[in-house]
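Okay, here's what each chain looks like letter by letter:
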Amino acid sequence: MHEMSLCEGIRTVIEDQARGHDIKAVRRVRVEIGRFSGVEKSALEFAFDVVMRGSVAEGATLEMIDMPGRAMCYDCMHEVEIDDRLAPCPDCGGGKLMPVAGDELRIKDLEVI
Amino acid sequence: MCTVCGCGDAKLEGHDHGHSHTPTYDHAYRHVHGRGHGHHHHDMHFGIGPAGVEVPGMSQERLIEIETGIMAKNDRYAEANRAILAGLGAFAVNLVSSPGSGKTTLLCKTIEALGDQPLAVIEGDQQTANDADRIRATGAPAIQVNTGKGCHLDGHMVGHAMEHLKLAQNSFLFIENVGNLVCPAGFDLGEDCKVATLSVTEGEDKPLKYPDMFTASRLALLNKVDLAPYCDVDLDLYEANLRRVNPGIEVIRVSARTGEGMDSWLNWLTGSLSRKTARTAAE
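The model shown is predicted, which means the values in this text are computed figures rather than measured ones.

Enquirer: Can you tell me about the overall build of chain B, naming the residues and giving the values?
Expert: For chain B, the helix and strand inventory stands at 10 helices and 9 strands. Out of the 283 residues belonging to chain B, those deemed buried represent 45%.

Structure below.
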């Protein structure tokens, strides 16, 4: 998708935080990445290193926390966990699934000094 | 830098950017103050994290809880746009599709059919003002946003364009996004809903190949249905695949060329606008 742009967003948030706090350096950035967020994790990791250069987060570790994909099955009306957007319902085998979670793209916390 | 993504130097046609584009929390919060939030998390939790986060031997390290969406900057601009639209009782449609689905032609025909109804158009493309020129030829006010290398419109670009358009009360705002079935799905512009145009020449499995866009859309316009007999396609299969990725999606079969289905689409639009206007009046 646009991993470089997402890293620009991460950098903006970090720089805003750095202005309000006494932050010398960011050591670790933890982000939550939903299964259906469309993020290519290796591309995000690559872009992160490049985009953080020259910021307080230069050299920081990017830790990605996988968030499961969840969907409402319109056949059995159960909320189920699915790995793939086109997977059938694990409970009833139905094919009408509406994603309800798994699009997360969130910065959870920063480890700073 | 104008785009959230930083992947291009967007410019409004005829608009010289002479000021800083670095948004600040102050700027954005002024606009969204007092508005209910959608499903996105805007809350900022400043301060030290929960107990036990200090690492032995590295006592000066600390954890700052953020809990902020990576798209937070875009989302603040989108919420500001949404607040302006709500105040006007205006209904904004984010028109998304792959390139060549017939969005602009469909939009021109829609504008002609809506007659005296107040409306305005934001046209997003990487280059050229061709589409805005086509819209203006119908008599409707339009502004072109060229995204440069950017692959989508974002909340900030649309906010600027809205300032230039001077939207009327109870009007339509049509935002024709960059032809792209991937990135625009992830960028809230402050619109009431996304409407995806899918033309019958694209193949029945398009919704399965690009599910996110069709999941994010409230309505799909199955366009160029007059060509269906020449394309060996199954229109029911198009609809089944749309509902497979979004069981709640509404589907209208249209042909901008012959006018087939246009009444249903126009009724859908005017009904949506009436509900929005009534909601604004009630508040």
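Enquirer: An account of unusual backbone geometry is requested, with residue identities and associated values reported.
Expert: Residue and element names in this part refer to chain B. For K166, which is not a glycine, the phi torsion comes out positive at approximately 50°. For K166, the position within the fold is in the loop between α5 (155–165) and β6 (172–176). In the Ramachandran plot, K224 falls in the positive-phi region, its phi being about 65° despite a non-glycine side chain. Relative to the assigned elements, K224 resides in the loop between β8 (217–223) and α8 (228–231).

Enquirer: Hey, could you go over the packing of helix α3 (residues 103–114) of chain B against helix α10 (residues 262–282) of chain B for me, with residue numbers and the actual values?
Expert: All names here are of chain B. Look at α3 against α10: their axes get within 11 Å of each other, and the N-to-C directions meet at 70°. On the basis of their axis angle, the class for α3 and α10 is roughly perpendicular. Residues K109, T110, A113 and L114 of α3 pack against M262, W265 and L266 of α10. Looking at the contact of α3 with α10, its residues break down into 5 nonpolar, 1 polar and 1 charged.

Enquirer: Provide a residue-level description of the interface of chain A and chain B, including the pertinent values.
Expert: Across the contact, 33 residues belong to chain A and 36 residues belong to chain B. Put simply, the parts of the chain that give the side of chain A that touches chain B at least two residues each are α1 (3–20), β1 (26–34), β5 (97–101) and β6 (105–112) of chain A. Within the side of chain A that touches chain B, the residues separate by chemical class into 15 nonpolar, 9 polar and 9 charged.

Enquirer: Explain the sheet that holds β1 of chain A residue by residue, including any values.
Expert: With mixed pairing, the 4 strands of this open sheet are ordered in space as β2(A)-β1(A)-β6(A)-β2(B). Two strands bound the open sheet, and with one partner strand each, they are β2 (61–67) of chain A together with β2 (62–69) of chain B. Geometrically, the sheet is characterised by an average inter-axis angle of 20° between neighbouring strands, direction not taken into account. Relative to β6 of chain A, β1 of chain A runs antiparallel, the two sharing 7 bridges. From the neighbouring strand, R28 of chain A faces β6 of chain A, where its bridge partner is E111 of chain A.

Cut-off values and rules
- Residues numbered from 1 in each chain as written.
- Chains lettered and ligands numbered in written order.
- Predicted model: local features only at pLDDT ≥ 70, side-chain atom pairs only at ≥ 80, totals over all residues.
- Helix = DSSP H or I, 4+ residues; strand = E, 2+ residues; numbered from the N terminus.
- Buried ≥ 20, exposed ≤ 12 C-beta atoms within 10 Å, placed from the backbone.
- Axes fitted to C-alpha atoms, helices over the stretch in contact; angles between N-to-C directions.
- Parallel < 35°, antiparallel > 145°, perpendicular 65-115°, else oblique.
- Contact = placed C-beta atoms within 7 Å.
- Nonpolar A, V, L, I, M, F, W, Y, C, P; charged D, E, K, R; others polar.
- Pairing = 2+ DSSP bridges.

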